[in-house]
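Below are the chains, spelled out letter by letter.
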Amino acid sequence: MKHHKLLHLLLASLLASIRPCIGGDGDNLYDVCPSDAANQKMFFNGYPCKAPSDVAASDFKSSLLGSAGDTDNFYRSSVTLATAAEFPGLNTLGLSTARTDMDVDGMVMPHAHPRASEMIFVRAGVVAAGFVDSTNQVFQKRLGEGEVFVFPKGLLHFCFNAGFEPATVFSVLNSQNPGIASVSGAMFGGKGMMEKLKAVSMEDLNGVSSAELFGE
């Protein structure tokens, strides 16, 4: 009987230790908790909160995504990410947001967010967006203004301008620090990869393998 009780206690302790690891960002223990990253003196999981007396409405507003980014680069695109480090009001809310600008023929190379799923909203232009699942199948769709697409957590994904005018995309990610695991442009042949994606942008790639698309 004592052995059964001990086993139950061990199982309960194990479940209690695992539970925080299988969820998303931790729940907020306060009404609000704007980050005080500028005064952080030690490293831990997240950012310290401002003193309640120092919290202001400005902590919950950001203009970081209000202007187009610089697309004068090889990929003709720009990504501006606002996490809890730059946007204090996001701290402990499990959210971050981003703006992507793509000039004509611009693209965002394949990358993944290890700690977040991402939902994109096309504000202007025509965009092709896709991801590769764990069986190396590619799922891609063309999106017009007002349409949304979801990239599942941790999966390789990409997007590119599939129209004839600049495109703007806004994103919401379900982590205050989603992380970015980039894939080198050299791995996919740089410009060659860009041309290959554009060549199939008119097609529905559901079920196509990454080997067919990326040549792996």
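Reading the values: rules and limits
Residues numbered from 1 in each chain as written. Predicted model: local features only at pLDDT ≥ 70, side-chain atom pairs only at ≥ 80, totals over all residues. Heavy atoms only, no water. Pairing = 2+ DSSP bridges. Helix = DSSP H or I, 4+ residues; strand = E, 2+ residues; numbered from the N terminus. Axes fitted to C-alpha atoms, helices over the stretch in contact; angles between N-to-C directions. Buried < 20%, exposed > 50% of the residue type's maximum accessible area, 1.4 Å probe, protein only. 1 Å grid on protein atoms, 1.4 Å probe; cavity = no way out; pocket = protein on both sides within 12 Å on 5 of 7 lines; lining within 4 Å. Points joined across faces, edges and corners; volume = space filled by probe spheres on them. Nonpolar A, V, L, I, M, F, W, Y, C, P; charged D, E, K, R; others polar. Core = buried A, V, L, I, M, F, W, Y, C linked by side-chain atoms within 4.5 Å. Contact = heavy atoms within 4.5 Å. pLDDT = per-residue confidence, 0-100. Salt bridge = Lys/Arg side-chain N within 4 Å of Asp/Glu carboxyl O.

Caption draft 1: Spatial organisation of the sheet that holds strand E4 (residues 118-124). Taken together, five strands build an open sheet; the order of strands is E1-E2-E9-E4-E7 and the sheet is antiparallel. Lying at the two open borders of the sheet, with one neighbouring strand each, are strand E1 (77-82) and strand E7 (148-151). Recorded for the sheet is a direction-independent mean angle of 20° between the axes of neighbouring strands. Note that E4 and strand E9 (residues 167-173) share six bridges and pair antiparallel. Bridge pairing in E9 links Glu-118 to Leu-173.

Caption draft 2: Structural detail: the pairing of strand E8 (residues 156-161). With five of its six residues buried, E8 lies for the most part within the structure. As judged from the six bridges shared by strand E5 (residues 127-132) and E8, these two strands associate in the antiparallel manner. Counterpart to Gly-130 in the pairing with E8 is Phe-158.

Caption draft 3: Summary view of the layout of surface pockets. Estimated volume of the second largest pocket: approximately 410 Å³. Along the walls of the second largest pocket sit 26 residues, with Val-79, Val-108, Met-109, His-111 and Ile-180 positioned nearest its centre. Sort the elements by how many residues they give to the lining of the second largest pocket and strand E3 (residues 107-112) lands first, with five residues. Looking at side-chain class alone, the lining of the second largest pocket contains 16 nonpolar, nine polar and one charged residues.

Caption draft 4: Focus on the nonpolar core. Membership of the largest hydrophobic core comes to 14 residues, with the highest contact counts inside it found for Met-102, Ile-120, Val-127, Ala-129 and Phe-149. Among the elements that make up this core, the one with the highest residue count is E5 (three residues). When neighbours within four sequence positions are excluded, Ile-120 is seen to be in contact with Ala-129, Leu-143, Glu-147, Val-148, Phe-149, Phe-151, Val-169, Phe-170 and Ser-171. Formed by eight residues, the second largest nonpolar core is a distinct cluster that contains Met-109, Ala-128, Phe-158 and Ala-162.

Caption draft 5: Layout of the confidence of the model for the protein chain. Of the residues in the protein chain, 66% reach a pLDDT of 70 or more, and the chain-wide mean stands at 79. When the criterion is pLDDT under 50, residues 17-22 qualifies, and its contacts beyond four places in sequence or with other chains add up to zero contacts.

Caption draft 6: Representation of the pattern of salt bridges within the structure. The tally for this structure, following the rule as stated, stands at three salt bridges. Between Arg-76 and Asp-103 there is a salt bridge, and its shortest N-O distance comes to 3.9 Å. Placement of the pair is Arg-76 in the loop between helix H1 (2-22) and E1 and Asp-103 in the loop between strand E2 (96-102) and E3, with a sequence separation of 27 residues. The exposure class of Arg-76 is partly exposed, given its relative accessible area of 33%. Judged by its relative accessible area of 24%, Asp-103 is partly exposed. Asp-101 is paired through a salt bridge with Arg-99; the nearest N and O atoms lie 3.0 Å apart. The two residues Asp-101 and Arg-99 agree in class, both being buried.

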